[in-house]
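# Working through the structure, step by step
Read off the chains here:
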Amino acid sequence: MTSNVGQNYPYSSETEAQRGAAIEKVVGAREGLSATLSAETSPVDEHDRWWVWKCPTRGCPGLLHVAGYALDKHALYVVCDGICGKTYLR
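Rules used in this analysis
Residues numbered from 1 in each chain as written. Predicted model: local features only at pLDDT ≥ 70, side-chain atom pairs only at ≥ 80, totals over all residues. Heavy atoms only, no water. Helix = DSSP H or I, 4+ residues; strand = E, 2+ residues; numbered from the N terminus. Rg over C-alpha atoms; globule rule 2.2 N^0.38 Å. Buried < 20%, exposed > 50% of the residue type's maximum accessible area, 1.4 Å probe, protein only. Contact = heavy atoms within 4.5 Å. Areas by Shrake-Rupley, 256 points an atom, 1.4 Å probe, with all protein chains shown as cover. Phe/Tyr/Trp six-rings, centres within 6.5 Å; stacked < 30°, edge-to-face > 60°. Lys NZ or Arg CZ within 6 Å of the ring centre and 35° of its normal. Pairing = 2+ DSSP bridges. Polar contact = N/O pair within 3.5 Å; in protein donor to acceptor, adjacent residues only side chain to side chain.

### Here we look at the overall build of the chain
In terms of helices and strands, the chain carries three helices and six strands. Starting at the N terminus, the α and β elements of the chain follow one another as α-β-α-α-β-β-β-β-β. The globule rule puts the C-alpha radius of gyration for 90 residues at 12 Å, and the 12 Å found for the chain is close to it. Summarising its shape, the C-alpha atoms of the chain cover approximately 35 × 25 × 25 Å along the three principal directions. Burial analysis of the chain (90 residues in total) assigns 34% to the buried set. A separation of at least 24 residues holds for 53% of the contacts in the chain among residues at least 6 apart in sequence. About 5800 Å² of surface is accessible on the chain, with carbon and sulfur atoms providing 52% of the total.

Rendered as structure tokens:
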């Protein structure tokens, strides 16, 4: 499987409580992320579990957690908890 295809498959899943805690931790550690999420996402609805992906940034060991729904696109807005701190659409 090529890396491009492999990046689209989830790595694992997490509970709603785990997702919320991960997003809270990342938002607290990254200046300006809260404002970005407020401007670019709508809140997620209730689910028992959420997918988690490995960050595609070379050298970043982080995981991508669902932070909301993208406002302008039909996609999940995810945030990396690793060293890169990037956001992606899934």
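Now that the structure is up, let's keep going.
### Structural notes on the packing of aromatic side chains
On inspection of all chains with the given rule, the structure shows zero aromatic pairs. Positioned above the aromatic ring of tryptophan 50 is the side chain of arginine 19, whose terminal nitrogen or guanidinium carbon lies 5.6 Å from the ring centre.

### Some words on the pairing of strand E3 (residues 49-54)
In this sheet, E3 lies alongside strand E1 (residues 12-15) in antiparallel orientation, the contact comprising four bridges. By the bridge assignment for E3, serine 12 is matched with valine 52. Where E3 and strand E4 (residues 63-70) come together, two bridges link them in antiparallel fashion. Within the sheet, the bridge partner assigned to lysine 54 lies in E4 and is leucine 63.

### What to know about the side chain of threonine 41
Of note, threonine 41 is situated in strand E2 (residues 41-42). Separated by 2.5 Å, the side chain of threonine 41 and the backbone oxygen of leucine 37 make a polar contact. Other than its neighbours up to four places away in sequence, threonine 41 contacts Ala67, Gly68, Tyr69, Leu71 and Tyr77.

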